[in-house]
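Structure at a glance
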Amino acid sequence: RWAAELCQDSPERRAGLIVAPILGDMDGAVAEIERAYAGGLTGGITMPPRWGEYESYPSQKYDAVWARCEEMSLPVHCHSGPAPQEEYGEVPGWMSVYGYETIFYTARPLWFMLLTGVFERFPGLKMAITEAGCFWASDLLWRADMMATREHGMRKMVNTRGILTMLPSEYFDRNVKIGAS
């Protein structure tokens with residue numbers, strides 16, 4: 001509510017992101033998205049890059065959230081920050097490992113959504129990856145397109161053609177933005 005009030009002071013400069021509990025209660029998440037949007041937050045929703053014990057984002061469990069975001073033109077955002085700190089222990093230099101892995105975990109939901117048909121099912125859904133650089137994107141897109149088109153060994157393991165009607169890079173171009181700070 002505070003953020004919505006702040007955004008109302010300068011709507012031409014501020015949109016505000018919605019924090020909705022999309023990992024647990026889908027009905028509650030959709031209700032919170034609708035409430036916050038009606039209250040003035042129109043910049044999209046933030047989603048946790050790590051889903052932990054919950055199903056990953058390609059699960060149809062999330063379809064109600066994706067559908068509502070698509071209908072309301074609310075992009076879903078993954079923001080840099082989480083990595084499995086609980087696995088690092090007290091190893092000297094663990095913060096360096098964290099700094100490296102946080103970018104992997106921030107971009108990982110995109111890989112899942114891009115390669116498993118989420119953007120096929122929801123062509124108007126937009127996604128933003130923020131504060132995770134952009135150096136990884138060209139490799140992701142090259143490898144994903146290669147898997148989908150010409151790498152025989154990979155095609156045996158990954159059947160993207162039964163799920164996707166376009167190349168992964170085409171979904172990326174249509175559905176994804178990067179805030180590469």
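In the block above lies the structure referred to throughout.
Each chain has its residues counted from 1, running along the sequence as written. In keeping with the predicted nature of the model, local features appear solely for residues at pLDDT of at least 70, side-chain atom pairs appear and are counted solely at 80 or more, and the whole-chain, interface and lining totals rest on all residues. To obtain the side-chain values, all non-hydrogen atoms of the structure were used and water was disregarded.

Any residue under 20% of the maximum accessible area for its type is buried, any over 50% is exposed, and the rest in between are partly exposed; the area is computed with a 1.4 Å probe on protein chains only. Helix and strand assignments follow DSSP, with helices taken as H or I runs no shorter than four residues and strands as E runs no shorter than two, numbered in order from the N terminus. Residues M127 and I129 of strand β4 (residues 127-130) are buried on one face, and the alternating residues A128 and T130, pointing to the opposite face, are buried as well. For two strands to count as paired, DSSP must find a minimum of two bridges between them. In the sheet, β4 pairs with strand β5 (residues 176-179) via four bridges, with the strands oriented parallel. In the sheet register, M127 faces β5, and the bridge partner there is V176.

Backbone geometry follows two general trends: most residues other than glycine have a negative phi, and most peptide bonds adopt the trans configuration. Unusually for a residue other than glycine, S73 sits at a positive phi of about 55°. When you line up the elements, S73 lands in the loop between α3 (63-71) and β3 (76-79). Overall, S73 belongs to the exposed group, its relative accessible area being 61%. Its identity as a non-glycine residue notwithstanding, E131 has a phi of 55°, on the positive side. As for its placement among the helices and strands, E131 is situated in the loop between β4 and α6 (135-149).

Another aspect to go through is the nonpolar core. Soluble globular proteins: nonpolar side chains tend toward being buried together. We call a set of buried Ala, Val, Leu, Ile, Met, Phe, Trp, Tyr and Cys residues a nonpolar core when their side-chain atoms join them within 4.5 Å. In this structure, V65, W66 and L110 are the most contacted members of the largest nonpolar core, which totals 43 residues. The element best represented in this core is helix α2 (residues 26-38), accounting for five residues.

Let's shift gears to the pattern of salt bridges. Every case where a carboxyl oxygen of Asp or Glu lies within 4 Å of a side-chain nitrogen of Lys or Arg is listed as a salt bridge. Per the counting criterion, the structure on display carries six salt bridges. Measuring nitrogen to oxygen at the nearest pair gives 2.7 Å for the salt bridge that ties E32 to R35. Of this pair, E32 and R35 are both found in helix α2, three residues apart, which corresponds to roughly one turn of the helix. Across the salt bridge formed by R68 and E71, the nearest N and O atoms sit 2.7 Å from each other.

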